[in-house]
Amino acid sequence: IYTGEDTLSLHDALPIWRFPRVCAANGGGAFIIAWTIAMLVFAVPLLSTEMAFGKKTRLGCIGTFRDAGGKKYTWMGFFVAAVCFFLMSYYCVLQGYCMKYAVNSVTSAFKPNLSTETTSAMWTAFTDSQAQVILFHAIGFALACFIVYQGIAGGIEKFCKVAIPALFIILVGLAIYAVTLNGANQGLQYLFTVKKEYILSPNTWIQAFIQAAWSTGAGWGFIITYANYVGEEEDVPTSCLIMGLGDNLGAILSALVVIPAICALSATPEAANEALSQGNFGLTFIYIYQLFTTIPGGRFISFIFFGLLAIAAITSLFSMIEVGVKCVVDLGLPRKKAVVSVCFAGFLVGCFSCWSLVNIDNQDWVWGIGLLISGAFIAILAWKYGVEKLRTQEVNAKGADVHLPKAYYTGCMYLIPVLVVIMVVYWLLQTKEWFPDTWLNPFI
């Protein structure tokens with residue numbers, strides 16, 4: 001029931017929400033440089049490694065680590081699967097936001113030329129209502145669980161082939177419209193100006209690596225799972241390069257919509273700068289929704305946009321659910337029981353993130369760091385298996401039109417764990433300084 005089309009939705013849905021706010025909060029142009037380097041050094045090599053291992057073992061994360069590295073490495077597979085599970089749990093909350101705004105688009109909440117204060121108040125009212133957030137979270141998980149349980153693959157593939165290009169077209173149109181608004185130049189300058197203080201900030205680089213992992217799927221484990229179902233002659237390097245480039249394009253487009261819109265729609269340039277620097281979780285929902293209210297036919301376009309985004313986000317859940325399901329099935333539980341168990345547990349854990357924006361922001365940071373550690377474990381698995389053996393026999397295997405060079409692939413595989421150790425140690429030290437009484441507790 002699991003197909004490659006499902007992974008496309010993650011690459012297109014996630015950057016629209018996450019990339020603009022993280023890019024804005026970390027200096028715009030400086031972040032884009034760091035994120036591009038992270039994509040090449042971290043994401044693409046790891047995606048290639050995960051696909052190669054999954055194609056070889058035809059097992060989930062846990063089984064892959066056991067068979068490719070030995071029993072002593074099995075716990076690393078558990079860690080990768082666990083990180084994906086926790087990411088899945090709060091990712092479903094985000095798709096609930098999309099569903100809510102699709103509903104807002106067809107109700108009396110949508111009015112022409114809404115102000116930033118109004119759309120900000122709408123966002124705050126919704127996210128402060130735990131009952132509403134949990135309701136949309138539950139609907140999303142229920143839909144995803146039902147579809148994965150039934151194994152409806154053909155319709156999903158057909159939907160993705162229409163929905164993802166449609167989202168892309170709407171994004172292009174919105175970007176063109178946003179950059180032509182009065183005041184949008186401030187946003188373009190912010191987005192493409194490289195500020196020295198940000199390029200030299202460790203936080204910028206940590207966030208860039210997390211974003212690269214987040215939106216491409218590197219370190220999640222679902223590329224290992226997806227590769228169980230690809231053919232023997234799958235072009236691993238080309239597929240992974242396309243994932244990286246596709247993410248880049250979608251992310252930059254989303255930033256070209258949100259950041260100029262913030263500057264154009266804010267009351268003053270100072271207010272715009274304040275909104276950009278805060279990294280507000282609601283930036284996309286506040287300003288894209290407001291942007292739609294200024295466009296003729298905006299209600300219809302808004303409904304289509306947020307509706308497609310919500311459905312695309314739900315299809316992304318299939319990949320995450322499948323990681324857990326595959327691991328549980330490999331351990332001996334029947335597939336349908338595994339689907340229900342994974343989804344119900346994910347819903348319950350996700351309710352923590354529904355409770356407040358503080359909670360979901362906490363989970364975004366904690367499991368973002370977890371993704372970096374997962375990536376390091378996958379690189380270490382490549383060390384155990386043999387980096388050069390993996391590159392020549394599995395990554396650059398028969399069917400590969402693009403071959404990853406030895407210096408590039410091997411260098412990245414050995415560099416990734418070192419970089420992750422440095423970033424995690426720095427993060428822990430900073431967290432201890434920021435929150436001396438609670439830094440050891442990931443749920444506070």
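Residues numbered from 1 in each chain as written. Predicted model: local features only at pLDDT ≥ 70, side-chain atom pairs only at ≥ 80, totals over all residues. Heavy atoms only, no water.

Details of the overall build of the protein chain
Part 1 of the argument: Summing up its helical and strand segments, the protein chain has 19 helices and zero strands in all.
Part 2 of the argument: For the protein chain, the C-alpha radius of gyration of 21 Å lies close to 22 Å, the compact-globule estimate for 444 residues.
Part 3 of the argument: Once the C-alpha set of the protein chain is aligned to its principal axes, its extents read approximately 60 × 50 × 50 Å.
Part 4 of the argument: Looking at the 444 residues of the protein chain, the share that counts as buried comes to 58%.
Part 5 of the argument: In the protein chain, the share of contacts with a sequence separation of at least 24, taken over all contacts with a separation of at least 6, comes to 85%.
Part 6 of the argument: Roughly 16900 Å² of accessible area belongs to the protein chain as shown, and the carbon and sulfur atoms make up 68% of that amount.
Part 7 of the argument: Each charge sign in the protein chain was given a centre, from 25 positive and 25 negative side chains, and these centres are 7 Å apart. (Helix = DSSP H or I, 4+ residues; strand = E, 2+ residues; numbered from the N terminus. Rg over C-alpha atoms; globule rule 2.2 N^0.38 Å. Buried < 20%, exposed > 50% of the residue type's maximum accessible area, 1.4 Å probe, protein only. Contact = heavy atoms within 4.5 Å. Areas by Shrake-Rupley, 256 points an atom, 1.4 Å probe, with all protein chains shown as cover. Lys, Arg positive; Asp, Glu negative; His and termini not counted. Charge placed at Lys NZ, Arg CZ, Asp CG, Glu CD.)

Focus: unusual backbone geometry
Part 1 of the argument: Look at Arg58: it is not a glycine, yet its phi comes out positive at around 55°.
Part 2 of the argument: Mapped onto the elements, Arg58 comes out in the loop between α2 (29-57) and α3 (61-69).
Part 3 of the argument: Accessibility expressed as a relative area gives 25% for Arg58, which makes it partly exposed.

Let's talk about a nonpolar patch on the surface
Part 1 of the argument: A cluster of nonpolar residues, Ile33, Ile37 and Val194, forms a patch on the protein surface that exposes about 220 Å² of accessible area.
Part 2 of the argument: Tracing the backbone shows Val194 in the loop between α8 (184-192) and α9 (196-199). (Patch = residues over 30% accessible without salt bridge, like charges linked within 9 Å, V, L, I, M, F, W, Y side chains within 5 Å. Salt bridge = Lys/Arg side-chain N within 4 Å of Asp/Glu carboxyl O.)

Focus: the packing of aromatic side chains
Part 1 of the argument: Taken as a whole and judged by the stated rule, the model has 28 aromatic pairs.
Part 2 of the argument: Ring centres of Tyr101 and Tyr289 lie 5.2 Å apart, and the angle between their planes is 85°; on these two criteria the pair is classed as edge-to-face. Of this pair, Tyr101 sits in helix α4 (residues 74-105) while Tyr289 sits in helix α14 (residues 283-292); the two residues are 188 residues apart in sequence, bridging distant segments of the chain.
Part 3 of the argument: Relative accessible area serves as the criterion here: at 1%, Tyr101 is assigned to the buried category.
Part 4 of the argument: Exposure remark for Tyr289: the relative accessible area of 0% places this residue in the buried category. (Phe/Tyr/Trp six-rings, centres within 6.5 Å; stacked < 30°, edge-to-face > 60°.)

Overview of helix α16 (residues 335-354)
Part 1 of the argument: Taking 1.5 Å per residue as the helical rise, α16 with its 20 residues ought to reach 28 Å, and the 28 Å between its terminal C-alpha atoms agrees with that figure.
Part 2 of the argument: Among the residues making up α16, those that are buried are Ala338, Val339, Val342, Cys343, Gly346, Phe347, Gly350, Cys351, Ser353 and Cys354. (Expected span 1.5 Å × (residues − 1).)

Some words on the nonpolar core
Part 1 of the argument: Grouped together as the largest cluster of nonpolar side chains are 149 residues, with contacts concentrated most on Trp35, Phe42, Tyr97, Phe305, Phe306 and Ile321.
Part 2 of the argument: With 18 residues, α4 is the largest single contributor of residues to this core. (Core = buried A, V, L, I, M, F, W, Y, C linked by side-chain atoms within 4.5 Å.)

What about the pattern of salt bridges?
Part 1 of the argument: Under the criterion given, the structure shown has seven salt bridges.
Part 2 of the argument: Ionic pairing is found between Arg66 and Asp67, a salt bridge with its closest N-O pair at 2.8 Å.
Part 3 of the argument: Notably, a salt bridge pairs Glu322 with Arg335, separated by 2.9 Å at the nearest N-O pair. Taken together, the positions of Glu322 in helix α15 (residues 298-330) and Arg335 in helix α16 put the pair 13 residues apart, joining distant regions of the chain.
Part 4 of the argument: For Arg335, a relative accessible area of 28% puts it in the partly exposed group.
Part 5 of the argument: Salt bridges sharing common partners tie together Arg18, Arg21 and Asp364.

Thoughts on the confidence of the model for the protein chain
Part 1 of the argument: Averaged over every residue, the pLDDT of the protein chain is 85; the share at 70 or more is 91%.
Part 2 of the argument: Every residue in residues 1-12 is under pLDDT 50, and counting partners more than four places away or in other chains gives 47 contacts. (pLDDT = per-residue confidence, 0-100.)

A closer look at α8
Part 1 of the argument: Residues of α8 that are buried: Ala184, Gly187, Tyr190 and Leu191. Take α8 and look down its axis: the buried residues cluster within an arc of 120°, on one side only. Opposite the buried face of α8, at more than 90 degrees from it, the exposed residues are Asn185 and Gln189. (Arc of directions from axis to C-beta.)

Details of the environment of Tyr287
Part 1 of the argument: In this structure, Tyr287 sits in helix α14.
Part 2 of the argument: Taking relative accessible area as the criterion, Tyr287 reaches 6% and is therefore assigned buried.
Part 3 of the argument: The spacing of Tyr287 and Val418 is 131 residues in sequence and 39 Å in space, taken between C-alpha atoms.
Part 4 of the argument: In this structure, Tyr287 is in contact with Thr116, Ala261, Ile262, Leu265, Ser266 and Ala275, ignoring residues within four places of it in sequence.

Notes on the state of the cysteines
Part 1 of the argument: On inspection of all chains with the given rule, the structure shows zero disulfides.
Part 2 of the argument: There is no disulfide at Cys145, and the cysteine sulfur nearest it, in Cys343, is 3.7 Å away.
Part 3 of the argument: Residue classification places Cys145 among the buried positions, given a relative accessible area of 15%.
Part 4 of the argument: No disulfide involves Cys354; its sulfur sits 5.1 Å from that of Cys351, the nearest cysteine. (Disulfide = S-S within 2.5 Å.)

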